[in-house]
Amino acid sequence: MEKARPASLAPHETVRVTNPGGFSPFVFTCDHASNVLPAEFGTLGLPAGELSRHIAWDPGALPVACRMAEALDATLIETRVSRLVIDCNRPLDAPDLVPPVSETTAIPGNSGLSDKQRAARVDLAWRPFHDTIAQIIDGRLARGQETRLVSVHSFTPVYKGKSRPWHIGIIHDDDRRLATPLVAALRRLAGVTVGVNEPYSPADRVYFTLERHARSRGLACAMIEIRNDEISGETGQRKWADLLTGIFSNLEPEEARGSRQGAMGKSVQSAS
C-alpha cells in the first residue's frame, strides 16, 4: 500500500478534481482518498507505519474511483489529506471531526487542540473539499446537467476483533433511488456478499458529504464501501472498478422512496 508522503500543501492543493467537465450523470467523491500528512503535522505522534493503516485513509478506494470515473466520463473529487488531520466526511460539530482516537489507536497530535488550531485544519482541507463539491454540482445544475452523487470508501475486514463478511456494502438513507437498483445488480454477481447499510449506516454519521451536497438538493445518491482486502492491489482494484463500471453504465434511479426505518436503525459505531 501507498506510504504517507509528508508535504506542505496549501488549501487549494488539498482537494483534486478529475474530469470536471464529465458528461456522465454521476459525480464521485473519495472523502478518505489520501494518507498524506502535511509536513507541519509530522506524524501526529504516531509511528510512521501506522499511517498506512485504515485509521489514516481508505486504502484502495481512490484507484477504484479513478478507474470508474475515467471509464464513465464522470467527475471525481478527492481529498488529498489524511482523515487524521481532519475528516472531511463529518459535520463541523462532530466529536471525531479531528479524531483523538481512530478505531482503538490514540492520536497524540490531535489531543488538546485549541479552537484556532481546529479552525486552521477546517480551512486547510474540510472547507476546500466541500466548497469544491458545491461549485461542481451547482455548475452542473445551472447547465441543466443531470447529477447523481456517489461516494467511494473502503472498510477493514476486521473491526475491533469482529470479522465483517461483506465484500461490498451500499449505504443509504430513506432515498433509495440509487441504492435499490445498485444492490439488486450487485446481488446478481456470483460469490459476492452484499451489505445493505453494512458495515455502516447513516446512523453512524458516515453520510455527511451526501447529506450536505445531494440530499439538500434532492439529488439521488448512495455510498459504496468495499472491503479493503478486496482492493489492496491492482488486480482487485481493477476487478471491482470494472464490475462497478458495468453496473453504473446501465444504472437508472428508481422513483420509489423507501422508509427511513432500517436505514437509520443500527447502533452507532466508529465510522468509515
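Residues numbered from 1 in each chain as written. Predicted model: local features only at pLDDT ≥ 70, side-chain atom pairs only at ≥ 80, totals over all residues. Heavy atoms only, no water.

Draft legend 1. The packing of aromatic side chains, seen in detail. According to the stated counting rule, one finds 4 aromatic pairs in the structure shown. On the basis of an interplanar angle of 80° and a centroid distance of 4.8 Å, the ring pair of phenylalanine 26 and phenylalanine 248 is categorised as edge-to-face. With phenylalanine 26 in strand S2 (residues 26–30) and phenylalanine 248 in helix H5 (residues 234–249), this residue pair connects regions lying 222 residues apart in the sequence. When sorted by exposure, phenylalanine 26 lands in the same class as phenylalanine 248, which is buried. Within the aromatic cluster, the residues linked to one another by ring pairs are Phe26, Phe28 and Phe248. Above the ring of phenylalanine 26, the side-chain terminus of arginine 148 is found at 5.0 Å from the ring centroid. (Phe/Tyr/Trp six-rings, centres within 6.5 Å; stacked < 30°, edge-to-face > 60°. Helix = DSSP H or I, 4+ residues; strand = E, 2+ residues; numbered from the N terminus. Buried < 20%, exposed > 50% of the residue type's maximum accessible area, 1.4 Å probe, protein only. Lys NZ or Arg CZ within 6 Å of the ring centre and 35° of its normal.)

Draft legend 2. Seen up close, the pairing of strand S9 (residues 168–171). Burial of S9 is two-sided: the residues Ile168 and Ile170 facing one way and the residues Gly169 and Ile171 facing the other way are all buried. Relative to strand S10 (residues 194–196), S9 runs parallel, the two sharing 3 bridges. When the sheet's bridge partners are listed, isoleucine 170 is paired in S10 with valine 196. Read from S9 through helix H3 (residues 179–187) to S10, the crossover connection turns out right-handed. (Pairing = 2+ DSSP bridges. Right-handed = clockwise from strand over helix to strand, strands pointing away.)

Draft legend 3. Focus on the side chain of serine 82. Positionally, serine 82 belongs in the loop between strand S3 (75–79) and strand S4 (101–102). Polar contacts involving the side chain of serine 82 include one to the main-chain carbonyl oxygen of alanine 56, which spans 2.7 Å. Ignoring sequence-local partners within four residues, the contact set of serine 82 consists of Ser34, Asn35, Val36, Leu37 and Ala56. (Polar contact = N/O pair within 3.5 Å; in protein donor to acceptor, adjacent residues only side chain to side chain. Contact = heavy atoms within 4.5 Å.)

Draft legend 4. Quick peek at the sheet that holds S2. Strand order across the open sheet formed by 7 strands is S1-S3-S2-S6-S11-S9-S10, with mixed pairing between neighbours. Each edge of the sheet is formed by a strand with only one pairing partner; in this case those strands are strand S1 (15–18) and S10. Direction aside, neighbouring strands of the sheet carry axes that sit 20° apart on average. Taken together, the 7 bridges between strand S6 (residues 148–155) and strand S11 (residues 221–227) define a ladder with parallel strand orientation. Note on S11: the bridge partner recorded for serine 151 is methionine 223. (Axes fitted to C-alpha atoms, helices over the stretch in contact; angles between N-to-C directions.)

Draft legend 5. Summary view of the packing of helix H1 (residues 61–72) against H5. Packing of H1 against H5 brings their axes to within 9 Å, and their N-to-C directions diverge by 40°. On the basis of their axis angle, the class for H1 and H5 is oblique. Where H1 crosses over H5, the two elements pack in a sense that is right-handed. Contact residues: Pro63, Val64, Arg67, Met68, Ala71 and Leu72 in H1; Gln237, Arg238, Ala241, Asp242, Leu244, Thr245, Phe248 and Ser249 in H5. Across the contact of H1 with H5, the residue classes break down as 8 nonpolar, 3 polar and 3 charged. (Parallel < 35°, antiparallel > 145°, perpendicular 65-115°, else oblique. Left-handed = near helix turned anticlockwise from the far one by under 90°. Nonpolar A, V, L, I, M, F, W, Y, C, P; charged D, E, K, R; others polar.)

Coordinates in, geometry out; function isn't part of it.
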